[in-house]
Amino acid sequence: MHDPAAIRLESVTVDFGGLRALSDVSIEINPGEVVGIIGPNGAGKTTLFNVLSGLVTPTSGCLYIGGVQRSWPKVHELTGLGLSRTLQGVGLFSDLSVTENLLVGATNLSKHNFFRALLGLDGAAETALQSRVAGVLRELDITDYADRDAASLPYPISKRVALARALISEPTTLLLDEPAGGLGVEDIAWLKEFVLKFRTDKSVLLVEHHMDVIMNVCDRIYVLNFGQLIAHGTPAEIRENPEVITAYLGSEATL
Amino acid sequence: MFIDTLLIGISSGAIYSLMALALVLVWRSTRVVNFAQSGQAVLSTYIGYEISVSTHNYWISLPLAILVGAILGSLVDLLFMRLLMGRANSGPIAEIAPVIATLGLLGLIQSFVGLIWGNAFLHYASPLSGKGFSFGTHTIPFSPQNLFIVVASAVVLAIFGAIFKYTDLGLALRASSFQPEIAQLAGVRVSRVRNIGWAFAGSAGAVAGAVITPTSTLSPNSLDLLFVSGFIAAVIGGLDSLVGAVIGGLVLGVGFAFILQYIGGSVTFLVGFIILMAVLLARPRGIFGHKVNRRA
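About the criteria used
- Residues numbered from 1 in each chain as written.
- Chains lettered and ligands numbered in written order.
- Predicted model: local features only at pLDDT ≥ 70, side-chain atom pairs only at ≥ 80, totals over all residues.
- Pairing = 2+ DSSP bridges.
- Helix = DSSP H or I, 4+ residues; strand = E, 2+ residues; numbered from the N terminus.
- Domains from an automatic or database assignment.
- Contact = placed C-beta atoms within 7 Å.
- Nonpolar A, V, L, I, M, F, W, Y, C, P; charged D, E, K, R; others polar.
- Axes fitted to C-alpha atoms, helices over the stretch in contact; angles between N-to-C directions.
- Buried ≥ 20, exposed ≤ 12 C-beta atoms within 10 Å, placed from the backbone.
- Expected span 1.5 Å × (residues − 1).
- Parallel < 35°, antiparallel > 145°, perpendicular 65-115°, else oblique.
- Left-handed = near helix turned anticlockwise from the far one by under 90°.

J.: Honestly, the pairing of strand E10 (residues 228-233) of chain A in this entry has me stumped. Any pointers?
T.: On any regular strand, side chains alternate: one points to one face of the sheet, the next to the other face. Residue and element names in this part refer to chain A. Direction of pairing for strand E9 (residues 220-225) relative to E10: antiparallel, over a ladder of 5 bridges. Each bridged residue has a counterpart across the sheet, and for Leu224 the counterpart in E10 is Leu229. The antiparallel hairpin formed by E9 and E10 contains 2 residues in its connecting segment, where Phe226 sits at a positive phi of about 45°.

And the structure:
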């Protein structure tokens, strides 16, 4: 048997009322792989992400994590399964400081019960967590912002903080929803480097409109159109695929 | 005279702060103004009263009343609000139904209390004297029970402040209150955290009821005016700010005391409502309310 996929979605169908948002879609992400999902607006990319993160329960389909079938996760269980998701836009707790944002992201790491949480016990775990927060902030080069309120951050920095909060729970798979959206050239270059560095031991699932990012960092790409998987392959294969080119004509001139 | 009035104002302001805090805690966790709060507080106070009657000990009844308040708060969320909000979850009804429901629940609880204990004025006694401290020949209206009210309120407020600021639970409460979806994605069990918010609110209201009632009498509606003051205080403070609730309560308590002293009791609530309207007109989000729209 080959190495089981980190995550496999099999024949996922999602209906919203009478509308079929996803139709019999299967994808898999292997360990250490960067997988991209592209498609025109309304193709079902975000719905697929929502299925994977427990926000939408599909009409039918199966989920395998590490080769084992399991039920669709509840949203709060996600980080415990080694999955961590960033949202479109910013998606931070605007009231909380950068460090506090990261600490909320680490909820799955602190296993203590209500009363221990209330009393703030677990000194050793607390110290370990603090140093982990400091490490992630350093890794993303945002240490200087540690004590700032999330609401006061420049946009590119808040995108990095969102990444940092996703990383703090020690995910094995990172789900990035349009991480390059709204970023300038320099920050996009930084992001590409970051994704490639992260996948040395983990996997990444990426929804993105920036073809430059997708084509540069992805090992494989799935293409959705009107809720259906119309193509799947390496960036080079996708670029040449006539069906993909047709789907994209008019919206994105070249791939 | 000035100091006397100030002390009395702080004592009643402390109670308003507790009630305001209870409202703020529920508002932050569920976005509902919980009009049933005074009913919950009165029920926990009746239970405290029963315990003090059977044990002859106020100091045993007080923590138990607080515990009952917390359990009641949690149950109201679990058995009532959660079901309701699950069913009325879209359209204009989703905004208004929970608030109306808390009003209904208030009536329900007060009728239940009336059914069990009747409408007589009961005396929930505390061992602390209700007579003012004396300095030589001068007796001030501020009594040992008033002092206890101030101390107990300060302790409760400090405990909640510390929980919010320094504990994981407090962080989860703050994270869940404005961006529940993101909190869930970050691994927070938002519904559980919400329930703890309701329990905390219930316990804050229970403290208010159990420490203020020995200064007057207990009846099914005895905490209603207190609730109104707490509500005004919470709105002045911004409804989502803990600090605002405390300051709003103290400002209102001291303000009322001075009005009562220098103008007369008939206008205190009139002034309260004028303050409420003025704050709402000038600064609808309250003095300490948050600027940005939190519904991310």
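Resuming the write-up.
J.: Where do I start with the domain arrangement of chain A in this structure?
T.: Where interface size is given, it is often the accessible area lost as the parts come together that is meant. Residues and elements named next belong to chain A. Taken domain by domain, chain A comprises domain 1 (1-82 + 172-255) and domain 2 (92-170). Counting from both sides, the interface comprises 8 residues of domain 1 and, opposite them, 6 residues of domain 2. Split into classes, the residues belonging to the side of domain 1 that touches domain 2 amount to 3 nonpolar, 4 polar and 1 charged.

J.: Hey, could you run me through the sheet that holds strand E2 (residues 19-29) of chain A in this one?
T.: Whenever strands of a sheet pair, they do so through backbone hydrogen bonds, lying parallel or antiparallel. Residues and elements named next belong to chain A. The 4 strands are arranged E2-E1-E4-E5 in an open sheet whose pairing can be described as antiparallel. The sheet is open, and its two borders are formed by E2 and strand E5 (68-70), each paired with just one other strand. On average, each strand axis in the sheet is tilted by 25° relative to the strand beside it, whichever way the strands run. Bridge count for strand E1 (residues 7-16) against strand E4 (residues 60-65) is 5 bridges, and the pairing is antiparallel. Directly across from Thr13, in E4, lies its bridge partner Ser60.

J.: So what exactly am I meant to see when it comes to the environment of B:Ile116 here?
T.: All names here are of chain B. Within the element layout of this structure, Ile116 appears in helix H4 (residues 92-117). Of the residues examined, Ile116 has 11 C-beta atoms within 10 Å and is grouped as exposed. For Ile116 and Tyr46, which are 70 residues apart along the polypeptide, the C-alpha to C-alpha distance reads 9.9 Å.

J.: Would you take a moment to explain helix H5 (residues 144-166) of chain B for this structure?
T.: Given 3.6 residues to a turn, an α-helix orients residues that are three or four positions apart in the same direction. The terminal C-alpha atoms of H5(B) lie 32 Å apart, and with 23 residues this matches the ideal 33 Å at 1.5 Å per residue to within 8%. Every buried residue of H5(B) is accounted for by B:Asn146, B:Ile149, B:Ala152, B:Ser153, B:Val156, B:Leu157, B:Phe160 and B:Ile163.

J.: I keep staring at the packing of helix H3 (residues 58-87) of chain B against helix H8 (residues 190-212) of chain B and nothing clicks. Help me out?
T.: When two helices pack together, their arrangement is captured by the angle between the axes and the distance separating the axes. Residue and element names in this part refer to chain B. Across the interface, H3 lies against H8 with an axial gap of 7 Å and an inter-helix angle of 140°. One element, H3, and the other, H8, form an angle in the oblique class. Pair H3 / H8 crosses with right-handed handedness. Across the interface between the two elements, Leu62, Ala65, Ile66, Val68, Gly69, Ala70, Leu72, Gly73, Ser74, Val76, Asp77 and Leu78 of H3 pack against Arg194, Asn195, Trp198, Ala199, Ala201, Gly202, Ser203, Gly205, Ala206, Val207 and Ala210 of H8. For the contact of H3 with H8, the class distribution of residues is 14 nonpolar, 7 polar and 2 charged.

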